[in-house]
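The lines below spell out each chain.
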Amino acid sequence: MRLDRAAVFLGICLLGAAAYPATPREGTVDTYFGVTTPDPYRWLEQITSPRVRDWAAAQNRLAVGSLDRLASHNRLSAMARTFSNFPGDTVPNGPGQVYVWDQPLPGAHMRELVVEVGSSQKRYSGSAFGMGANAALVTWILSPNRDVVAYGVETSGDGWIHWHFLRLANGRPFPDVITGIPDWAPTSWARNSSGLYYGGYPSEAPRTSGEAVGQGYRAMFHRLGSRQSTDTLIYRRDDASELPYARETSDGTYVIAGSNLGSTAGNSILVRETSAPDAPLRIVFPKGAATYAYVTNHGPTAFFRTDDRASRGKLVSVNLETRSGIRDVIPETGAILQDVTVSGERFVATYLRDGYNELAVFSRNGKRLRVIPLPGRGTASFTGHSTTSQGTYSFSTFSDCWDTFAYDTATGAGHKISGFKQMLASGDYVTDELFAQSTNGARVPIFVTYRKGLKRNGASPTLLTGYGGFGSVTTPQCFPLSTLWLAMGGVFAYADVRGGGEYGEAWHHDGMRGKKQHVFDDFAAAARLLVADGYASRSTLGAYGYSGGGVMVGVTEVEHPELFGAVVEGAGPLDVLRGYTYGSESAWAGEVGSPIASPEQFQWLAAYAPLLKIARGTRYPATLILASAKDATVSPAHSYKFAAALQYAQAGDEPILLRVPPSGGHAGNTAFGDWDAAASATSFLWSHLASASGDR
């Protein structure tokens, strides 16, 4: 049955500009290297002003009211509630009789910690210790001695993690609380379980506009049972573009520290003995273009995964005492070396080939022993321990959620031990891998998942997504977005565009800075191929992107409005000429460039800047823009200005909606990880694309 769009929206979204909150255009103009650029919505950058708060609240009311009226919204919301409560089985996470995992909290879109010691099982949530009903468990780490679990809680939805500690023997919390830690900061236990290494700031005060993300950031050590005010400084950098980090080696002999160079490739490695806490850190690998990731060590001989003179990655060893004797252990191959894990006397390498994972077992001297068989093309993650050859690996695809397998790296024997209750009927879906031809002949992988028996006549609602930035890699795995879309009967597609790391740093660099346009070209090429191959038509094809993916989708929508029937864009840093003034965005100059650094970099950005390219009188696809007023990673000003510009320019009757929930930080609104956001995105897209296909 064909749905009438006016009936779907009950008229509210078809009122056009008259239905949108008043958004004055002002005469602000900037000049970059002699070039003037208008910025009529500069006032929307004042996100905490009453004027902007009232405007955002009015936009949110319109969006929520519109979504609530969609025919599919109740169905998808109920489906999301059901799926979010699906449990995962107990999965061993190391030798011993203590198991820790997390599960959805029944009746809420949050998670709780499940601790099993022997035959006793207890559950803990963020609100269990008087932290309020809105406290959400977001991460946890079990101590090496398996006596204590450190767990991170978000209480205000603004991206700050508060770390707490729970004694497993009696379920009692320690009084310790560590604050000032952003949700992206690395955290790890000391090998002797005495405390936690973390990265953070002295306070959670809002960042000053334009302040570099590394300003005041440092790597610290917190000793269990002490006050945070007595924590030890491990490493800090004067260069605010660098983010320090620290951790211990697997045997606890050394502290390894270093700094990442903002969003660009390259890091440093420094070391000192844990027995000499006052000794200076010694440089092992200086700052440069290469990256190094610690894997393990045997005494002073340490193993690092690196792309130094190996763009696809290799494993090397080095003597930490003499900082000499660097040699290749697992050499570079045709696939990307994504991770290396220790399991007994073996290494397990996780490779990335054309966007999916492969696992291979190596001896300690680098001899390739065998490939671990996987159920198909998807995402695999191996967990091992240096004391035993018994390890586990998990596997997932876009349609099947995580199953876990036991695997003995010494014998090669393996079997399934646990898994999630599957939300979709396993075996009912298939995945194709396509390759789109893009700018300069680039071969762009696209995974397409759909229910068996699909008729490729262009009539199926099809959702295309991706990321395309910062060298990030997304392999096929079970997401809320993919699960809901496939459950509705749609086709789900993911494009591994340039700017990501699917083919190593060369692929990343071919989609950053002056080559950022390649990202948008690749996504457009993927959209055209889905139509050409009959999976979708223009009117049944939708796009979703969040954060870096939000830039990709937003720019592609502006450059090619004819490609999509509907779009959901979330938290994309789309104000590319002003983002450097917003806060954390200043750290991205190495990835995207800065409009004030040079005429060349200004030209890069101005060439695709969507706020300059949105043209009044153009018919843009139906668009839902997702933002959070408390997003500390990507300022909501990006989304506010993008929504205002599209609403002003829209020539068609397709709605341009801005949803701004009052809570939730950057990660809290992504449809990849949050069921509420996935239900909203899916219901919006489905109503438009299924309407065009003649289905519900």
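Quantities reported herein were computed from a predicted structural model and do not represent experimental measurements.

Cut-offs used in this document
- Residues numbered from 1 in each chain as written.
- Predicted model: local features only at pLDDT ≥ 70, side-chain atom pairs only at ≥ 80, totals over all residues.
- Heavy atoms only, no water.
- Helix = DSSP H or I, 4+ residues; strand = E, 2+ residues; numbered from the N terminus.
- Expected span 1.5 Å × (residues − 1).
- Buried < 20%, exposed > 50% of the residue type's maximum accessible area, 1.4 Å probe, protein only.
- Contact = heavy atoms within 4.5 Å.
- Polar contact = N/O pair within 3.5 Å; in protein donor to acceptor, adjacent residues only side chain to side chain.
- Core = buried A, V, L, I, M, F, W, Y, C linked by side-chain atoms within 4.5 Å.
- Pairing = 2+ DSSP bridges.
- Axes fitted to C-alpha atoms, helices over the stretch in contact; angles between N-to-C directions.

Caption draft 1: Up close: helix H11 (residues 637-649). Compared with an ideal rise of 1.5 Å per residue, which puts 13 residues at 18 Å, H11 spans 18 Å between its outermost C-alpha atoms and is within 8% of the ideal. Considered for burial, the residues of H11 that qualify are Ala637, His638, Ser639, Tyr640, Lys641, Phe642, Ala643, Ala644, Ala645, Leu646, Gln647 and Ala649. Tucked into the core, H11 has its buried residues touching helix H2 (50-68), helix H7 (548-559), strand E36 (566-570), helix H10 (610-613), strand E37 (622-626) and strand E38 (656-659).

Caption draft 2: Region of interest: the environment of Arg237. Note that Arg237 resides in the loop between strand E14 (232-236) and strand E15 (243-248). Spatially, the C-alpha atoms of Arg237 and Ser259 are 7.8 Å apart, while their sequence positions differ by 22 residues. A distance of 3.4 Å separates polar atoms of two side chains, one belonging to Arg237 and the other to Tyr235. Only 3.0 Å separates the side chain of Arg237 from the side chain of Glu242, close enough to count as a polar contact.

Caption draft 3: Just the nonpolar core, in detail. In terms of nonpolar packing, the biggest core is built from 110 residues, with Ile446, Val448, Leu464 and Leu484 touching the most fellow members. Ignoring anything within four residues of it in the chain, the contact list for Val448 reads Val430, Thr431, Asp432, Leu434, Val491, Phe492, Ala493, Leu530 and Tyr535. Of all hydrophobic cores here, the second largest spans 21 residues; its members include Phe165, Leu196, Tyr198 and Ala587.

Caption draft 4: Summary view of the sheet that holds strand E21 (residues 314-319). Taken in spatial order, the four strands of this open sheet run E19-E20-E21-E22, and their pairing is antiparallel. What marks the edges here is a single partner per strand, and that holds for strand E19 (292-298) and strand E22 (324-330). Shown here is a sheet whose adjacent strand axes are inclined to one another by a mean of 30°, direction ignored. Where E19 lies against strand E20 (residues 301-306), six bridges are found, and the strand directions are antiparallel. Across the sheet, residue Tyr294 finds its bridge partner in E20, namely Phe304.

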